[in-house]
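Inside the fold
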Amino acid sequence: MAAYRYGYSAVLFILCGLSVFLVTNGQETILTGDDGAAAVDSPQTVTETAEQTAEQPAVEERQWEVTEVEEASPDEAAADKQDASAPETLVPPSVPRPKDDFQEELVIRPLHSGDIYASFQFRTLWETDFMRGNKVSHYRLFPKSLGQVISKFSVRELHISFTQGYWRTMQWGQPFLPAPPGAELWVWFQDSVTDVDGTWKELTNVLSGIFCASLNFIDSTNTVQPSASFKPLGISNVTDHRFLRYATLPREIVCTENLTPWKKLLPCGTKSLQLTELPLFSLQAGLAVLLKSEKLFHSSFHSQAVHIRPVCEDWQCKTTSWELRQTLSVVFDLHTSGQGKREWSLFKMFSRTLTDACPLASSSKVYIDITDNPEGEQFELIPATPLLSQAVVLGDRRTFSVYDLTQQITFGAVRSLNLLIRWKSTEGDMLRPLLHGERYVAGYGLQTGEIHTLMYNNHPYRSFPVLLLDSVPWYLRLYIHTLTVTSKAKDNKPSYIHYQPSKDRVRPHLLEMLVQLPPNSVTEVTVQFERALLKWTEYTPDPNHGFYVGSSVLSSLVPSIVAMDTNSTQERPLFSSFFPCKEESSYFVRVYTEPLLVNLPTPDFSMPYNVICLTCTVVAVGYGSLYNLLTRSFQIEEPSLGLAKRIANIIRKMRGVPPL
Amino acid sequence: MGLLSDPNRRRALISLLTRLNTPICLVCYMAGVAWFMGLAFEPFTLRTYMSENAMGSTMVEERFPAGERALATGREFAAHKKKVGGMPVDWLVKTMQARGLEVFTQSFSRTLPFPDENKERYMVKGTNVYGILRAPRAPRTEALVLSAPCSPGDNNQAVGLLLGLAQYFRNQIYWAKDIIFLVNEHDLIGMQAWLEGYHHTNTTGMDWSPLQGRGGSIQAALSLELSSDVITSLDLVLEGLNGQLPNLDLANLFYAFCQKIGVLCTIQGKLQRNDWDSVSGYSHAVQTMMLMVMKQASGRPWGDHGLFLRYHIEAATIKGINSFRQYKTDATTIGRLLEGMYRKLNNLLERLHQSYFFYLMPSLSHFVSIGYYMPAFGLLTVILLLRALDLWVQLTHIFTGRYLSIYSACIGNSPLLIKYVSSQQSSPGVLSVLTPLVISHLTGVALYTLPIRFQEMAVEHFPVSETEAVVLTAIAVYTAGLALPHNTHRFLSGEGTEQGWRVLKLVAVLYLAVLLGCTALINFSLGFILALTLVPVAAFVTPHIPKVLSAFILVILSPACTLLFSVFFFQELQEMPVSFQDGWLLYLSVISQGILDHFLYGSLVYPLIALLVYPCWLLFWNILFWK
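Residues numbered from 1 in each chain as written. Chains lettered and ligands numbered in written order. Predicted model: local features only at pLDDT ≥ 70, side-chain atom pairs only at ≥ 80, totals over all residues. Heavy atoms only, no water.

**Looking at the overall build of chain B**
If you tally the helices and strands in chain B, you get 20 helices and 12 strands. Here the C-alpha radius of gyration of chain B, 28 Å, is about what a compact globule of 627 residues would show, namely 25 Å. By principal-axis analysis of the C-alpha atoms, chain B measures approximately 100 × 60 × 50 Å. Counting every position in chain B, which comprises 627 residues, the buried fraction comes to 58%. Sequence separation of at least 24 residues holds for 81% of the intrachain contacts in chain B that already meet a minimum separation of 6. Carbon and sulfur atoms form 64% of the exposed surface of chain B, whose accessible area is close to 25700 Å². Taken as two groups, the 45 positive and 42 negative side-chain charges of chain B have centres that lie 6 Å from each other. (Helix = DSSP H or I, 4+ residues; strand = E, 2+ residues; numbered from the N terminus. Rg over C-alpha atoms; globule rule 2.2 N^0.38 Å. Buried < 20%, exposed > 50% of the residue type's maximum accessible area, 1.4 Å probe, protein only. Contact = heavy atoms within 4.5 Å. Areas by Shrake-Rupley, 256 points an atom, 1.4 Å probe, with all protein chains shown as cover. Lys, Arg positive; Asp, Glu negative; His and termini not counted. Charge placed at Lys NZ, Arg CZ, Asp CG, Glu CD.)

This is the structure we're talking about:
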């Protein structure tokens, strides 16, 4: 059995390796283009550009700007960043090279449902070494609180996200940065750490203080060590999952008290200036002025995250630097914003407009996704921008309008940028996301139940493997023998299963499976469970609300939409189109299912007095007397004889006659 | 208990209980009935109050403005329904999508065990349409349901109001739970299909397509029935499957909002009266409570909400009633009422659990909790225990009397011999008890299985429809059961003895006590009504009473006749008395409905009566004809 499993893990490893290869492969072409900083980044783009100009002369004055691939999903972005960021920070050698660098950007994607998706990314890159007990004491752009955490706890990689709401994949497509509802934390420690669990415990408590969140509720009962689902995103040679800890708190509610500390980590984030050495500038600047909690929490989805990882300094990767990436995604709802008009502006979204870039930022840009709107027939963008950029995001080639905030011309005469997106038509379909997942609890009653996880493969003809990670608390006792995986009404045998049974009050169940999803199918994973009866001190203060089970995680290499394009009638060089596999033939996607709320059998806590009285009475009266009756030995007492009889008996005894 | 361990005092107590057994039983029966009737007297009942803090005050500002538009949507829905000749699925999907909901459909089909003549359906095919309003920044863990059945005749206004509310709710930011707007076809069957699909269970063998969208665990549900543009009052229906009731806080919530908004509200179609001290006021309260008892005892869902209760979802049906009254309420007001209720339910932090699950309501503002009504039932069942004690004592007297005679006969008095003799004495007893038990239960099984099994055969041989065939077979099996046991009795080897019937009666009485006790715990009303009729039977029946008269009384008090009287009584309570002819037809349809409820929704009343209560009653019948 063990050999069997190792065989499959080898397959898995090859798969992961392949993904890295594919991604880096995709990267090289961009790098070559980047050096020239010209309008050419790959042959593909050339043709695209040619098409564009041919079709519409009006676009001619638009200029194509080259950008590195941004906002890919973490794994892809990981590989991206470590290479692609290098040329970006290359500056002429005459200028003394700054040790740290800050970039900010905002991507806005109008969604087909009329909602709008805005994603902020702030990246601080610092060429330093926290590892091996190196004392770092001078901080400039990198927040000191996080730097100290990294060096004290020997963290190699840290990913933390706080999310309020559930990403609706079927309406909104794939997010740039997926995150499960509630809080999620995963950390790779350095291999020098001996007591990983102890360090993890301390780290969660410290982070809980830094982010004002109840991360201190992370303990051994909700921490797992996934064997395959969470691989390091930065440069790393450690892949032993002993150094990985993963935990989610699906119950965590995210609000302004989490936003404020998150904003404080930004160089231009708050009014309290951390950097006294800098000349006085307007207290808040750049994109951070848009981060106003009254609007950010008036939305359908809110997710903020911090990712720290080591990346390569240049493409040769001689030195490493640390990357802190702060991201914030928010989806504004068309209907709840009032008036129901399909019109969005920066002011309507954030109740602020942009007036400048952050003075500390080396780059500050706003991107608008106009892929579905190449000729402006879907929506109108005011003010128009001449800058365009193209990037492959999540396997799809997207086009963006770019507003560079470092250029004064962006702000125009009014010295303020208030982007306006006005819909012209509500037509248009969204391409169905190729992978999405759903989960629910089946059954009724408080004794048993069944967890159903549905995985949809919407690709018309390609199957792909998916890694499913399920972490279920111990109080749902999984009957693992009832685990079934079916797709298209047939049994689908997972090629890799890693199951760690739970221990009551110590650790949760961990189930990881590699399942091949057939094309255009729904794969259903079911497992039955029994609801445990908790001890009375283990119930939460609101036991009738139910108990949460965290989202399951689907990680997969999904065939790219670009590769799905079989339409060979399109104008393109013949040499580029023979083999169907292109450079972006598959991309990494992580999908989270919804968390579950499960009711456990709950005693009635509202009347402890009645319960105590009743049980005491029952025990004392009922049981006590029954016990008494059962154990007592009964004897019939001889009735005492009268005096006359006694005398008569004595006489009879003397006569030798039997007594009366 | 010292009382029991002292043989003298025990003997005294027992002799008291056996000597005064009949008077005590009579007193208990009277007291039980009197207690029950007293429950409806207002000073003895509690006022309802909101227990759940999260719904504490009614300080919600209701702003729903679009009643007229909702009615217009309802008319549009009616037109489309007419055009399609059923559920206008496409129109509903489009309309819900336009209101910003995630819309899904579910198709289902079900072939009934026999045609339902009341609703004229046999092979049912339909589609449910539901739209989910996703709460902003909520992780899809909790949901509320608002449903409106799409029935062929009316209820268009309810669908219109549902869509109007969906549109209004969609524009609000404050939702913390997803709200599911469900339009179900074929009322309860559609609801059953949807609930089974949502929870992925299949308890009744229905075919349905799996649901595509879900909203997590459902916390509460309301079903809406409106068939006119304006209404005079709103009626709250609580009784669900197997007599389950939703948490009392749901009724309290409805009552609180009716008071706040100023809508007339009723329960069992009866307005509340203030003159509790007058005779008419009291009889009004008794009527309301008796209606609730009758409905609960029937064990059928009295509205679409009834099926939710199985899944531990608190649910109620709100019915709009338009009668000849001056004061009318328009759709906007009903919309505001529902908005208020949903905002309150939205505030829930935990499932509704604070208030009572077992209660009776003599009016909307008063309730009788389980602690108050259980003694009435307890007084009735105590009769059975007293009779059992009496029988036990008699039996031991007979035994000890025999022992003594044997004891005096054999001077050798070895305990082994006594054991041998006593076992010889009681062995025919065991057989004579077991045989009637088995036979009567087999009759029960026949009553449960044959009507459905033999409907085809019956239709072939007799000029009746399938439904009639089922009902008449049931009645035939029931009547045949009366003839069976005392005929088979002759085959018993150890012919009936005095001691034999006493043992049988002891077993039967204890059986009945356990049976009624368990029934009353699940469905108080059913247990109480059965106790009211079966306990006298169990108490008085012996082989030594006049046969014809007591047989007549026994039949009158049998479960089937209880049902017949209940039908008339129920009609009387509803102030719709029927002639005997109509009543008989109604009785037949009630039987067929009861059987259908069991097969379609899993109601337990039919199997309970057929498999347990009827055999138990047959045992007493057997005792009467003991020879």
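What follows continues from the structure just given.
**A word on the UniProt feature "transmembrane region" (unreviewed entry) in chain B**
Residue and element names in this part refer to chain B. Under the UniProt annotation, "transmembrane region" (unreviewed entry) lies at residues 20-41, 370-389, 401-418, 430-449, 469-485, 506-539, 551-571 and 607-626. Note that residues 370-389 is 100% helix and 0% strand, and that its end C-alpha atoms are spaced 27 Å apart. With 90% helix and 0% strand, residues 607-626 has its two end C-alpha atoms placed 28 Å apart. (UniProt positions renumbered as here; feature names shortened; annotations may be inferred.)

**Some thoughts on the packing of aromatic side chains**
Following the criterion strictly, the structure yields 50 aromatic pairs over all chains and no others. Ring geometry for A:Trp126 versus A:Tyr139: centroids 5.2 Å apart, planes at 55°, classification tilted. Of this pair, A:Trp126 sits in strand E3 (residues 116-126) while A:Tyr139 sits in the loop between E3 and helix H4 (144-153), placing them 13 residues apart in sequence. Considered together, A:Trp126 and A:Tyr139 belong to a single accessibility category, that of buried residues. Put simply, the rings of A:Phe102, A:Phe120, A:Phe122, A:Trp262, A:Phe332, A:Trp344 and A:Phe350 touch in pairs and so form one group of aromatic residues. The ring of B:Trp302 has B:Lys295 sitting right over it, with the charged end atom 5.2 Å from the ring centre. One Lys or Arg, B:Arg343, reaches over the ring of B:Tyr174 and ends 3.9 Å from the middle of that ring. (Phe/Tyr/Trp six-rings, centres within 6.5 Å; stacked < 30°, edge-to-face > 60°. Lys NZ or Arg CZ within 6 Å of the ring centre and 35° of its normal.)

**Describing a nonpolar patch on the surface**
Residue and element names in this part refer to chain B. Side chains of Phe 540, Leu 549, Phe 552 and Ile 553 sit close together on the surface and give an oily, nonpolar patch of about 370 Å² of accessible area. The dominant element in the nonpolar patch, judged by the number of residues it contributes, is helix H17 (residues 547-556), at 3 residues. Here Phe 552 lies in helix H17. Its relative accessible area of 54% is what places Phe 552 among the exposed residues. (Patch = residues over 30% accessible without salt bridge, like charges linked within 9 Å, V, L, I, M, F, W, Y side chains within 5 Å. Salt bridge = Lys/Arg side-chain N within 4 Å of Asp/Glu carboxyl O.)

**Details of the nonpolar core**
Among soluble globular proteins, nonpolar side chains are generally buried collectively. Membership of the largest hydrophobic core comes to 193 residues, with the highest contact counts inside it found for B:Phe36, B:Phe181, B:Trp194, B:Phe254, B:Met361 and B:Phe620. In terms of residue count, the dominant contributor to this core is helix H20 (residues 605-624) of chain B (14 residues). Summarising the domain contributions, this core has at least three residues from each of domain 1 (53-270 + 299-364) and domain 2 (427-627) of chain B. Sequence-distant contacts of B:Phe36, that is, excluding residues within four places in its chain, are made with B:Met289, B:Met290, B:Val293, B:Leu360, B:Ala376, B:Phe524 and B:Phe528. Grouped together as the second largest cluster of nonpolar side chains are 92 residues, A:Trp322, A:Ala357, A:Leu417 and A:Leu419 included. (Core = buried A, V, L, I, M, F, W, Y, C linked by side-chain atoms within 4.5 Å. Domains from an automatic or database assignment.)

**Re unusual backbone geometry**
The peptide bond linking A:Ile382 to A:Pro383 adopts the cis configuration, its omega dihedral lying at -5°. Here A:Pro383 lies in the loop between strand E12 (379-382) and strand E13 (387-393). Although it is not a glycine, B:Asn155 sits at a positive phi angle of roughly 70°. Within the secondary structure, B:Asn155 is located in the loop between strand E4 (142-150) and helix H6 (156-170). A positive phi angle, near 55°, is found at B:Asn242, a position not held by glycine. Tracing the backbone through its elements, the reader meets B:Asn242 in the loop between strand E8 (233-237) and helix H8 (248-261). Taking relative accessible area as the criterion, B:Asn242 reaches 16% and is therefore assigned buried.

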